[in-house]
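Structural characterization, general
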Amino acid sequence: MHIVLSVDALTPPLSGIGRYTWELATRLPAVQGIRVRFYREGKWISDLALLLNTAQPHIRRTWLQRQEPRWLREARLTWDCRGEVFHGPNFFLPACANIGVATIHDLSVFKYPETHPIERIRQYEREFDSTISRALHLIAVSEFMRQEIIAFLGWPADRITTVPNGVSGLFRPRVAAETADVMQGFNLKHGSYTLCVSTIEPRKKIDRLLSAYSRLPTALRARYPLLLLGGKGWKSEDIHKQIERFCAEGWLRYQGFVPESDLPALYAGASLFVYPSIYEGFGLPVLEAMASGVPVITSNCSSLPEVTGGAACLVEPDDEDALLDAIRMGLDDDIWKAQAVKAGLQVARRFTWDRCVEETVAVYRKVIG
């Protein structure tokens, strides 16, 4: 079976969709009977690692020569893709794909357009309808997402398959000695901070988290500072003003993006993980936290109850008082924390990248059949 995988999401630092794409790209070639080629922006990619190495001037080295006329390159790609399953793991299918599978991670652009930059909305207006009209099958990353696609797009249920994301084995419980080097580098103490990993954008409700955390007793904030990791995002000027103010007060640490190699230790070293997003198609950070043996507080909406499987404390993300009470409980209640850690580890074991790849290949076979 011949597969073409789009790798446009492989751009450092990796987003959640970038991680999903990387896991597919590195695992699919090992599946017996699968031949995979990688496609990006009109070219074949021969070395995936170069896409993640921004220091390399030849990052876009490809099997097709850059000096070819565009019309010849596009014609060749159209012919080459014929008869192969083209998988767009980042929503869209290129024009050359005629047997297509697309992964839909969420519909936030349509449901919450006010939370997205206008450039992204215009991209969806240009490309999404074309993708949906040509795709033979869609992959949803959660059952919540599958039902949303059926309702929103009017797609037949038998042409949409739920294939959940996985979690890397690097995310696991660790004792203090295992995290010591990373803790020292970030001036942190194992088990003595609250963690949130999120892009700073409106639907993640980081402003609500900061406001609730600022209302905790001073002594509790001093004992458990809040560590916020993630990109600067968009439509977030007011939130960044909050961040600056609370960082100056000493109880908030904002690190932006951190090296991916440090993330497993930063997760495992946290006392609590809080993720109050109002809408997620999957919510990979909560799964990584549970796999790391960290109790989780997250929202009671979208896919998050499904992914956390009863292991997390769920709150209404717009109810600041409820969020405050949950955080206080999460930091003070050792009995709940122990129960949440045990339950979270059990839930996280259900989600593996091997399973994700296996079920994705089953979709390819269904499309070809």
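Residues numbered from 1 in each chain as written. Predicted model: local features only at pLDDT ≥ 70, side-chain atom pairs only at ≥ 80, totals over all residues. Heavy atoms only, no water.

For the rest of this paragraph, the subject is the environment of Ala222. Turning to its location among the elements, Ala222 is positioned in helix H9 (residues 218-223). For the pair Ala222 and Tyr193, spaced 29 residues apart in the sequence, the C-alpha separation amounts to 9.3 Å. (Helix = DSSP H or I, 4+ residues; strand = E, 2+ residues; numbered from the N terminus.)

Turning our eyes to something else, we now look at the sheet that holds strand S9 (residues 226-229). Taken in spatial order, the 6 strands line up as S10-S9-S8-S11-S12-S13 in an open sheet, and their pairing is parallel. Each edge of the open sheet is held by one strand with a lone partner, namely strand S10 (252-256) and strand S13 (313-315). For this sheet the average axis-to-axis angle between neighbouring strands, irrespective of direction, equals 20°. Alignment of strand S11 (residues 272-275) against strand S12 (residues 296-299), held across 3 bridges, turns out to be parallel. Opposite Tyr275, over in S12, you have Thr298 as the bridge partner. Taken strand by strand, helix H8 (residues 206-214) contacts strand S8 (194-197), S9, S10 and S11, and its axis lies near 165° from that of S9. (Pairing = 2+ DSSP bridges. Axes fitted to C-alpha atoms, helices over the stretch in contact; angles between N-to-C directions. Contact = heavy atoms within 4.5 Å.)

A complete count under the given rule lists 19 salt bridges for this structure. For the salt bridge of Arg27 with Asp354, the shortest nitrogen-to-oxygen distance reads 2.6 Å. With Arg27 in helix H1 (residues 16-27) and Asp354 in helix H16 (residues 353-368), this pair connects stretches of sequence that are 327 residues apart. For Arg27, a relative accessible area of 28% corresponds to the partly exposed category. Using a relative accessible area of 52% as the deciding quantity, one classes Asp354 as exposed. For Arg146, the salt bridge is made with Glu143, and the minimal N-O distance between the two is 3.2 Å. Of this pair, Arg146 and Glu143 both sit in helix H6 (residues 143-153), 3 residues apart, roughly one helical turn. Arg146 gets classed as buried once you look at its relative accessible area, which sits at 18%. Among the residues examined, Glu143 registers a relative accessible area of 31% and is labelled partly exposed. One network of salt bridges, in which partners are shared, links Arg19, Glu23, Arg27, Glu260 and Asp354. (Salt bridge = Lys/Arg side-chain N within 4 Å of Asp/Glu carboxyl O. Buried < 20%, exposed > 50% of the residue type's maximum accessible area, 1.4 Å probe, protein only.)

In short, shape yes, function no, at least from these values alone.
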